[in-house]
Amino acid sequence: MSEFQDFLKRQYAHVAVGEFKLGKFCEAQSLYEQAVATYTHGFKGAYLLRDPGSDKGISVIFWESVEDMADNESETYQAILKKMAPLFAHSPDVFVYEVVSELKPPESQLETLEKVL
């Protein structure tokens, strides 16, 4: 029965779309990684995407619940975000999405991909 309840439980994605000042993406990436390293309970993973050749990016952070997102906004996390704020060209657009579908390659394809990478 717990597998069925786990199936019904939804994850959430915190998505931020933004642009950094010219040449500031790498500095922002370092701060992003520091901020993510502060996360504890409920954190399921994070991706930072970059538009090649630009300072535009998208952050996608996965959480077990919306409450876990809020609970992980520690003082250390807030201090890191404060350092990052002046690096933005303008305030990022932030969204929270419910993860309604997760698709993974079949196990054999996944093993092949892991060998290649």
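Residues numbered from 1 in each chain as written. Predicted model: local features only at pLDDT ≥ 70, side-chain atom pairs only at ≥ 80, totals over all residues. Heavy atoms only, no water.

**Q** An account of the pattern of salt bridges is requested, with residue identities and associated values reported.
**A** Pairing is possible between side chains of opposite charge, provided their charged atoms come close. Evaluation of the coordinates by the stated rule reveals 5 salt bridges. We note a salt bridge from lysine 104 to glutamate 102, for which the minimum N-O separation is 3.4 Å. Neither lysine 104 nor glutamate 102 differs from the other in exposure class; each is exposed. (Salt bridge = Lys/Arg side-chain N within 4 Å of Asp/Glu carboxyl O. Buried < 20%, exposed > 50% of the residue type's maximum accessible area, 1.4 Å probe, protein only.)

**Q** Can you tell me about the sheet that holds strand S2 (residues 43–50), naming the residues and giving the values?
**A** If you trace the 4 strands from one edge of the open sheet to the other, you get S2-S3-S1-S4, paired in antiparallel fashion. Each having just a single partner strand, S2 and strand S4 (93–99) make up the two edges of the open sheet. Neighbour-to-neighbour, the strand axes of the sheet open up by a mean angle of 15 degrees, direction not taken into account. Relative to strand S3 (residues 56–63), S2 is paired through 7 bridges, and the arrangement is antiparallel. Across the sheet, residue phenylalanine 43 finds its bridge partner in S3, namely tryptophan 63. Packing against the sheet, helix H2 (residues 25–36) makes contact with S2 and S3, and its axis sits at approximately 180 degrees to S2. (Pairing = 2+ DSSP bridges. Helix = DSSP H or I, 4+ residues; strand = E, 2+ residues; numbered from the N terminus. Axes fitted to C-alpha atoms, helices over the stretch in contact; angles between N-to-C directions. Contact = heavy atoms within 4.5 Å.)

**Q** I'd love a proper account of the packing of H2 against helix H4 (residues 75–84), names of residues and values included.
**A** At a minimum axis separation of 9 Å, H2 and H4 run at an interaxial angle of 170 degrees. The angle between H2 and H4 places the two elements in the roughly antiparallel class. Counting all contacts with H2, which are made through Ala28, Leu31, Tyr32, Gln34 and Ala35, the residues of H4 involved are Tyr77, Ile80, Lys83 and Met84. Across the contact of H2 with H4, the residue classes tally to 7 nonpolar, 1 polar and 1 charged. (Parallel < 35°, antiparallel > 145°, perpendicular 65-115°, else oblique. Nonpolar A, V, L, I, M, F, W, Y, C, P; charged D, E, K, R; others polar.)

**Q** Go over the layout of surface pockets, please, and point to the residues and values.
**A** Of the volumes computed, that of the largest pocket is approximately 390 Å³. Lining the largest pocket are 25 residues, with Ala16, Leu81, Met84, Phe88 and Pro92 positioned closest to its centre. Taken together, the elements giving at least two residues each to the lining of the largest pocket come down to strand S1 (11–19), H2, S3 and H4. Top element by residues in the lining of the largest pocket is H2. It accounts for 6 residues. Looking at the lining of the largest pocket residue by residue, the classes come out as 19 nonpolar, 5 polar and 1 charged. (1 Å grid on protein atoms, 1.4 Å probe; cavity = no way out; pocket = protein on both sides within 12 Å on 5 of 7 lines; lining within 4 Å. Points joined across faces, edges and corners; volume = space filled by probe spheres on them.)

**Q** Just give me the short version of the packing of aromatic side chains, but keep the residues and values in it.
**A** Working definition: an aromatic ring pair is given by the centre-to-centre distance plus the angle between the planes. Counted according to the given criterion, the structure contains 8 aromatic pairs. Taking 5.7 Å as the distance between ring centres and 85 degrees as the angle between the ring planes, the aromatic pair formed by phenylalanine 20 and phenylalanine 25 counts as edge-to-face. Taken individually, phenylalanine 20 and phenylalanine 25 each receive the classification buried, so the pair is uniform in this respect. Ring centres of tyrosine 39 and phenylalanine 43 lie 5.3 Å apart, and the angle between their planes is 50 degrees; on these two criteria the pair is classed as tilted. On the basis of relative accessibility, which here comes to 11%, the residue tyrosine 39 falls in the buried class. Note on phenylalanine 43: relative accessible area 27%, which makes it partly exposed. Taken together, Tyr39, Phe43, Trp63 and Tyr77 form an aromatic cluster joined through their ring pairs. (Phe/Tyr/Trp six-rings, centres within 6.5 Å; stacked < 30°, edge-to-face > 60°.)

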